[in-house]
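Observations on the model geometry
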Amino acid sequence: QVQLVESGGGLVQAGGSLRLSCTASGRTFSSYDMGWFRQAPGKEREFVSAIIWSGGRTYYADFVKVRFTISRDNAKGTLYLQMNSLKPEDTAVYFCAAQTHRPGLLARPEDYDYWGQGTQVTVSS
C-alpha cells in the first residue's frame, strides 16, 4: 500500500500560480503511475493530469494543457503539479492518486487504487 498526502493549495488571484505536492509513504513510489484529479462543489471528480512510473510519459486534460505541468521525483517520493495562469474555473479540491501500472488506463477515478485527502485551490477573479 501507499499513503498519499497533498499540500500546496491555497487562495490565489486569477493569472497566478500554485505548485501542488503529493508526498507518498509506504510501498516504493516508483511502483506507481500517478494522477491528479479535481472536484468542484456539485460536480464529479475529473481528470487533470497523469504521469507514468518513470516520468517518461505525461497526460493532460485539454483544459489544462500548456498551463499545468505534472512531474515526479521518485527519489523523494513526491508528485508535483505546477499550475500557471490559473482561472476561477480551476477552483476545486485537488486530489493525487496512485495506481499499479495499467497501460492506457489513467483518466478515470476508478483506474486508481489509492487517494490522498485533497487540497483546496481557490482562484479569485
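Just so it is clear, the structure is predicted and the values come from calculations on it, not from any experiment.

Bringing the packing of aromatic side chains into the picture now. On inspection of all chains with the given rule, the structure shows six aromatic pairs. Note on Phe37 and Phe47: the rings are 5.7 Å apart at their centroids and 75° apart in plane angle, and the pair reads as edge-to-face. Pair noted here: Phe37 is in strand S4 (residues 32-39) and Phe47 is in strand S5 (residues 46-51), with a separation of ten residues, a long-range link. One aromatic cluster in this structure is built from Phe37, Phe47, Phe95, Tyr112 and Trp115.

Take the pairing of strand S9 (residues 92-100) next. Along S9, seven of the nine residues are buried, which leaves the element largely enclosed by surrounding structure. Across eight bridges, S4 lies against S9 in antiparallel orientation. Considered in S9, the bridge of Trp36 is made with Cys96. With three bridges joining them, S9 and strand S11 (residues 119-124) adopt antiparallel strand pairing. Each bridged residue has a counterpart across the sheet, and for Val93 the counterpart in S11 is Gln120. Pairing between S9 and strand S10 (residues 114-115): two bridges, direction antiparallel. Residue Ala97 lies in a different strand from S10, and its bridge partner there is Trp115.

On to the pattern of salt bridges, then. Taken as a whole and judged by the stated rule, the model has seven salt bridges. Of the charged contacts, one joins Arg38 and Asp90 as a salt bridge, the two residues approaching to 2.9 Å between their closest N and O atoms. On the criterion of sequence distance, the pair formed by Arg38 in strand S4 and Asp90 in the loop between strand S8 (78-83) and S9 is long-range, its members being 52 residues apart. Accessibility assignment for this pair places Arg38 and Asp90 in one class, buried. The salt bridge involving Asp113 is made with Arg102; its shortest N-O contact spans 2.6 Å. Within this pair, whereas Asp113 is found in the loop between S9 and S10, its partner Arg102 is found in the loop between S9 and S10, the two being separated by eleven residues in sequence. Judged by relative accessible area, which is 26%, Arg102 ranks as partly exposed. Overlapping salt bridges, with partners in common, bring together Arg38, Glu46, Arg67 and Asp90 in one network.

Rules used throughout
- Residues numbered from 1 in each chain as written.
- Predicted model: local features only at pLDDT ≥ 70, side-chain atom pairs only at ≥ 80, totals over all residues.
- Heavy atoms only, no water.
- Phe/Tyr/Trp six-rings, centres within 6.5 Å; stacked < 30°, edge-to-face > 60°.
- Helix = DSSP H or I, 4+ residues; strand = E, 2+ residues; numbered from the N terminus.
- Buried < 20%, exposed > 50% of the residue type's maximum accessible area, 1.4 Å probe, protein only.
- Pairing = 2+ DSSP bridges.
- Salt bridge = Lys/Arg side-chain N within 4 Å of Asp/Glu carboxyl O.

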